[in-house]
Amino acid sequence: MEFSFGASASKIIHSTGFSELAGGDLIMIGVGCTLIYLAIRKKFEPLLLLPMGFGCLLANLPLSMMKATDSGGLLNFFYQGVQHEILPPIIFMGVGALTDFGPLLANPTTLLLGAAAQIGVYTTLIGAVYLGFNMQEAAAIGIIGGADGPTSIFIASKLAPHLLAPIAVAAYSYMSLVPLIQPPIMKLLTTEEERKIKMAQLKQISQTVKILFPIVVTFVCCLLLPGVTPLLGMFMLGNLFRESGVTQRLHETTETHLINIMTIMLALSVGSSMTADSFLRLETIKIIVLGLLAFGFATAGGLLFGKIMCKATGGKVNPLIGSAGVSAVPMAARVSQKVGADADSSNFLLMHAMGPNVAGVIGSAVAAGIFVSLFGDMTGVDTHAALAPVIGNPEPGIQAIATVVDAIKQ
Amino acid sequence: MEVSVSSAVNVSILAMSVIFTVLIILIFTIKTLVKLIPYQESPVAPVRKIVASAPGQDDHVAAITASLAAHMGKSPDEFRIVNIQSR
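Fair warning: this is a prediction, and the values are worked out from it, not measured in the lab.

1. Examining the domain arrangement of chain A
- The assigned domain composition of chain A is domain 1 (23–57 + 85–376) and domain 2 (378–410).
- With centres defined by C-alpha atoms, the gap from domain 1 of chain A to domain 2 of chain A works out at 32 Å.

Shown next, in the form of structure tokens:
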């Protein structure tokens, strides 16, 4: 075999990534480096933004086979966990294992604040439709207002997978900016006197109630909204590990190593979907703007409902805890505590704000379930419908849901 | 466009109603659970009180310790009597 130095050198040069590097790749590498910078220097959600930024960097290196769409590539395998809705529910199990429902059970009316904060989801949905997105895309964008990363990814991968990258980036970026976004809105919508309101100490809750709660919520919510079962079911399983007291090893694993492993895989997968053709579009800018509005409206919704509860209870509820209804556990509760303490340094709202905070997680999961019911493919219903002639049971309830879904689709 | 926005508004109203309904059901469920299973202080395990020998009992303690040590065949340092209660 004849060896030509020039030809071989040329071949090596043409086999490097440099030869394939395009302008879009360079911009996306810049975006990835920006996320890494924000994670390391600014401490913005570093556990997520760092692997996400690095995933973006890897995906945009030409010939690296690290894009989410590169069949057979490493991150393509990780991405299967997003595509098949595996990773977000497992992360939710870890979140459940970390969550103490005690403050919510002690003051269950704070669930209403978690519901009110979901207004951000729906104002954004309307805004997204107005800006030209279809209903499924608008639903995926709107759920950013739930301030819940795994829920946003779950819904985006189900309803608008082509928008997954900008939605995930917007959701996690704004979650990390909660301490900057919320306080001005909180101060604008509440008076000094309202911020100084001290709330009565929360009562103690029986351990049996804490054990029964995840089982009851799973039963009620998953029967009402079957689409929410993967998220809420895993969330409540994680919490049952925590509260049962008999699965200490499982509890410790889910709240530490499992959630950490899944977070690495999820963030890398999302980062690997951040390619120039999926990210450098006008829609991305629209999603970033809509995401900010979603957080703003969600905060305002919770606060305004908090003011209503304050009036209704004769001043026993501090409206500041309403802003914690946006989920973003526990950062939003900490912001309520901080703004309350700024008004009166002897005011401790943290535990009171944890109630609406975890209520926000349930509220955003319910909102996601509604979107899945309305706009999802309802494969479960199809399966049941297909089985019905075999088992000889027409299941009228499921048929009714299928009819409604068909009507909506049409 | 107008139709789509009005559809979005309808979906939003419907969805918010469903969210409030589901969470109100949960509120009543929680209240029922808390009412049926109230919190009870966990019984505190009785703690053995360690008491030093009362004043004036030192001679008695010494005598009993010596007798007991002789009876058990042990050194007085291997056990300790801390209290004597009279009936």
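Right, picking up where we left off after that structure.
2. A word on the side chain of Ser336(A)
All names here are of chain A.
- Structurally, Ser 336 can be placed in helix 19 (residues 331–343).
- For Ser 336, a relative accessible area of 0% corresponds to the buried category.
- At a separation of 3.3 Å, a polar atom in the side chain of Ser 336 contacts the side chain of Ser 323.
- Apart from the residues within four sequence positions on either side, Ser 336 is in contact with Met 186, Leu 320, Ile 321, Ser 323, Ala 324, Leu 349 and Ala 353.

3. Description of the layout of surface pockets
All names here are of chain A.
- Roughly 1000 Å³ of volume is contained in the largest pocket.
- Along the wall of the largest pocket there are 40 residues; nearest its centre are Glu 45, Val 95, Leu 98, Val 329 and Pro 330.
- Elements that contribute at least two residues to the lining of the largest pocket include exactly helix 3 (46–59), helix 5 (87–98), helix 10 (149–159), helix 11 (164–176), helix 12 (178–189), helix 16 (248–272), helix 19 and helix 20 (350–375).
- Among the residues making up the lining of the largest pocket, the classes are represented as 27 nonpolar, 6 polar and 7 charged.

4. Regarding the interface of chain B and chain A
- The interface of chain B with chain A comprises 27 residues on the first partner and 38 residues on the second.
- When chain B packs against chain A, the two sides together hide about 2900 Å² of surface, and 92% of this comes from carbon and sulfur.
- Together, Leu23(B), Ile30(B) and Tyr39(B) form the three largest contributors to the area buried by chain B at its contact with chain A, with a combined 19%.
- Summed over the shared surface of chain B and chain A, the result is 0 salt bridges.
- Inspection of the chain B/chain A interface yields 0 residue pairs in polar contact (both at pLDDT 80 or more).
- Looking at side-chain class alone, the side of chain B that touches chain A contains 22 nonpolar, 4 polar and 1 charged residues.

Analysis parameters
Here the residue numbers are simple positions, counted from 1 along each chain's written sequence. Chains and ligands are labelled by the order in which they are written, letters from A for the one and numbers from 1 for the other. Since the coordinates come from a predicted model, pLDDT governs what is reported: local features require at least 70, and pairs of side-chain atoms require 80 or more to be given and counted, while whole-chain, interface and lining totals use all residues. The basis for the side-chain values is all heavy atoms of the structure; hydrogens and waters are excluded. Segmentation into domains, and thus their bounds, comes from an automatic or database assignment. Note on conventions: DSSP H or I runs of at least 4 residues are helices, E runs of at least 2 residues are strands, and numbering of each starts at the N terminus. When accessible area is computed with a 1.4 Å probe and restricted to protein chains, residues below 20% of their type maximum are described as buried, those above 50% as exposed, and intermediate ones as partly exposed. We define a polar contact as two N or O atoms separated by no more than 3.5 Å, with the added condition that, inside protein, one atom must be a possible hydrogen donor and the other a possible acceptor, whereas residues neighbouring each other in sequence contribute only through side-chain atom pairs. Should any heavy atoms of two residues lie within 4.5 Å, those residues are considered in contact. The distinction between a cavity and a pocket rests on a 1 Å grid over the protein atoms alone: a 1.4 Å probe fits inside a cavity but cannot get out, while a pocket stays open yet meets protein on both sides within 12 Å along at least five of seven lines, and a residue with an atom within 4 Å of a point counts as lining. Grid points are joined across faces, edges and corners, and a volume is the space filled by probe spheres set on the points. In this classification, the charged set is Asp, Glu, Lys and Arg, the nonpolar set is Ala, Val, Leu, Ile, Met, Phe, Trp, Tyr, Cys and Pro, and all remaining amino acids, among them Gly, are polar. Two parts placed together each lose some accessible area; with a 1.4 Å probe, that loss summed over both constitutes the buried area. Any Lys or Arg side-chain nitrogen found within 4 Å of a carboxyl oxygen on Asp or Glu counts as a salt bridge.

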